[in-house]
Amino acid sequence: MNDPDEGEAFRDSIGTINKAGDRVWVYPKMPVGFFYTLRKWISFVLVTFLFVMPFVYINGRQLFLFNVLERKFHFFGTPFWAQDFHLLVIMILLGVVFVGLFTVAFGRVFCGWICPQTIFLEFIFRPIEYWIEGDRGAQIRLDKQEWNFEKIRKKVTKWFLFFIISFLISNIFLAYFIGSDILIDHVLAPLENIKTLLSLLIFTMVFYFVFAWFREQVCVIACPYGRLQGVLLDQHSLVVAYDYKRGEKEVGRAKFKKNEDRESSGKGDCIDCHQCVNVCPTGIDIRNGTQLECVNCTACMDACDEIMEAVKLPKKLIRHASEDQIQKEESFRFTSRLKGYTVILGIFILGFIFIITSRSEIEATLLRIPGQLYSISKDKNTIQNVYAYKFVNKTTADFNNIELKLISHQGHIYTANHQSIALKKEEIQDGTFFIELDKKQWKGKKLTLKIGLYNGENLIESVNTQFLGPRTYQ
Ligand code: SF4
Ligand code: SF4
């Protein structure tokens, strides 16, 4: 008796590991076609963006900087501080929900079209490999043949170029972390900056390992987003899908025969040419259905369209479609579900923009000085509390006339030197100030005061703080 799960047996293991547990090397055929060309252009734009951005400065600041060690972050040239950590948490949460919803609605588009791993591998490293070693067949033959001058020449040239590109990529990544100006200084004097040199070499070896050897295993084994696919996708999700109804029909897939009336023979439109499998960078057969290895790169769509065109059958046997659409034989519709998700995603993007743009210009921390309760003036008409302040100017502008004013109560605020505070761009300043309340305002228990931080007449930030006094007050 046949095992009912036999047809799903491929799901028990990943396509790039054989039964003995050894790696099955993937030799994808060089893709050509509409989607590949489109991806090539998108990759070109993204790689250019990645390589150029560390060298773009606005008002003397790197456009994007993620200096974790010194806790300096620039986003579109705007400095962010450790004090903005809550924004980071909110952005990460928004990002996670965004990615989740996006995947539920539109599948793993990010992996095939935007992920740096795919872009570097498919549009930088793999083209070099095709250029030096040839297409799929030539690469297989080269790997099988004995080591001779030709093989050594090709392999060494490829490995050398891979190393150089890995080194370049590690430089770019480091420029995002320590700043391109510092990186250039360090690269020009490597022996005096041995730590930077070591970091570069370690990054280079990691990139080399990933792109020369580990490759699709990143997407198949290591990437947590790939692992989440199983729970995020459902029968409504838009994915790269094989139309098994059309491809198999009543008789199943069958090789192409010239002048055969395929329509009346009951054979499916799939001519079992294996081009969709040969071209797949993760080594799977999309005709088995949606699999976690699939990165939605659309290479199989291009390959199948080319074949369908050659045998004069309608294109899109493999296309973007949901399981539901394939089963019900519907063409793609922008369903109310997709519309709903798109609206929610739009709201998230607006929320993200709002969070970034509504960030306060000055971060103010006001705390009562520990151990200091309160003091009463000699004439016994006022109560005083002493506070410590810390201001962080998160902007690129100077604030020369900062004053603290009581918003919620009548009273006075003054600094130790009775002067307003000047806060230069990106400066952090701390000091002491006093709040003095008239005894009429005191009701015998702790007060919550609202204090405004003004630059001239402009309210920049408001902060609440506590005010203490005696229980009984004559
Ligand atoms: S490329 Fe198209 S026709 Fe060829 S095997 Fe794949 S699905 Fe079938
Ligand atoms: S199955 Fe198709 S879309 Fe998925 S990874 Fe392979 S070639 Fe790309």
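All values derive from a computational prediction rather than experimental measurement. Counting starts from 1 at the beginning of each chain's written sequence and moves along it residue by residue. To read the labels, note that chains go from A and ligands from 1, taken in the order they are written. The model is predicted, so local features are restricted to residues of pLDDT at least 70 and side-chain atom pairs to those at 80 or more, both for listing and for counting; the totals for chains, interfaces and linings are taken over all residues. Processing note: side-chain calculations cover all non-hydrogen atoms of the structure and skip hydrogens and water entirely.

Q: Could you give me a rundown of the packing of aromatic side chains, with the residues and numbers involved?
A: Centre-to-centre distance and the angle between the planes together describe a pair of aromatic rings. To pair, rings of Phe, Tyr and Trp, with the six-membered ring standing in for Trp, must have centres within 6.5 Å; the planes then decide the type, stacked if under 30 degrees apart, edge-to-face if over 60, and tilted in the middle. Tallied over the full model, the rule gives 27 aromatic pairs. Residues Tyr389 and Phe391 carry aromatic rings whose centres are separated by 4.6 Å and whose planes lie at 25 degrees to one another, so their mutual orientation is stacked. No difference in accessibility class separates Tyr389 from Phe391, as the two residues are buried. Arranged with centres 5.5 Å apart and planes meeting at 25 degrees, the rings of Tyr414 and Phe434 form a pair that is stacked. Taken as a pair, Tyr414 in strand 12 (residues 411-415) and Phe434 in strand 14 (residues 428-438) lie far apart in primary sequence, 20 residues in all. Exposure is judged per residue with a 1.4 Å probe applied to protein chains only, and the accessible area is read against the type maximum: over 50% gives exposed, under 20% gives buried, and values in between give partly exposed. Put simply, DSSP marks the helices as runs of H or I at least four residues long and the strands as runs of E at least two long, and each gets a number from the N terminus on.

Q: Explain the sheet that holds strand 11 (residues 399-406) to me, using residue names and the numbers behind them.
A: Spatial ordering of the open sheet is given by 13-11-15-16, a layout of four strands whose pairing is antiparallel. At either end of the open sheet lies a strand with only one pairing partner, and these are strand 13 (421-423) and strand 16 (458-467). Ignoring strand direction, the axes of neighbouring strands in this sheet form an average angle of 30 degrees. Across five bridges, the pairing between strand 11 and strand 15 (residues 447-455) is antiparallel. Residue pairing for strand 15: Glu403 is matched across the bridge by Tyr454. Between any two strands, pairing holds if DSSP finds at least two bridges. Orientation is described by lines fitted to C-alpha atoms, with helices fitted over the stretch in contact, and by angles between N-to-C directions that extend from 0 to 180 degrees.

Q: I'd like to hear about the sheet that holds strand 3 (residues 65-67), residue by residue, with values.
A: Pairing is antiparallel across the open sheet formed by three strands, whose spatial order is 3-4-5. At either end of the open sheet lies a strand with only one pairing partner, and these are strand 3 and strand 5 (78-80). Each strand of the sheet is rotated relative to its neighbour by a mean of 25 degrees, with strand direction disregarded. In the sheet, strand 4 (residues 72-75) pairs with strand 5 via three bridges, with the strands oriented antiparallel. Following the sheet pairing, His74 is matched in strand 5 by Pro79.

Q: Please provide a residue-by-residue account of the domain arrangement of the protein, values included.
A: Interface size is commonly expressed as the accessible area that is lost once the parts come together. Domain limits in this description derive from either an automatic procedure or a database domain assignment. What the domain assignment lists for the protein is domain 1 (12-231), domain 2 (233-334) and domain 3 (362-467). Using only C-alpha atoms to locate each centre, domain 1 and domain 3 end up separated by 49 Å. Here, residues are in contact when the closest pair of their heavy atoms is within 4.5 Å. Counting residues at the interface gives six residues for domain 1 and eight residues for domain 3. Throughout, buried area stands for the accessible area (probe radius 1.4 Å) lost by two parts on being put together, summed over both. Taken over both partners, the interface formed by domain 1 and domain 3 buries close to 710 Å², and the fraction arising from carbon and sulfur atoms is 54%.

Q: I'd love a proper account of helix 14 (residues 299-310), names of residues and values included.
A: Taking 1.5 Å of rise per residue, the 12 residues of helix 14 would be expected to cover 16 Å, and the 17 Å separating its terminal C-alpha atoms lies within 8% of that figure. Of all the 12 residues making up helix 14, nine are buried; the element is thus mostly covered by neighbouring parts of the structure. Those residues of helix 14 not exposed but buried are Ala299, Cys300, Met301, Asp302, Ala303, Cys304, Asp305, Ile307 and Met308. Packing partners of the buried residues in helix 14 comprise helix 1 (34-52), strand 6 (239-242), helix 11 (244-248), helix 13 (275-278) and strand 7 (318-321). Once helix 14 ends, the next one or two residues include Lys312, with phi positive near 60 degrees. Any helix carries an expected span of 1.5 Å times its number of residues minus one.

Q: Can you tell me about the environment of Phe51, naming the residues and giving the values?
A: Its place among the elements puts Phe51 in helix 1. A C-alpha to C-alpha distance of 9.5 Å links Phe51 and Ala175, two positions 124 residues apart in sequence. If sequence neighbours within four positions are ignored, Phe51 has contacts with Phe120, Ile169 and Ile172.

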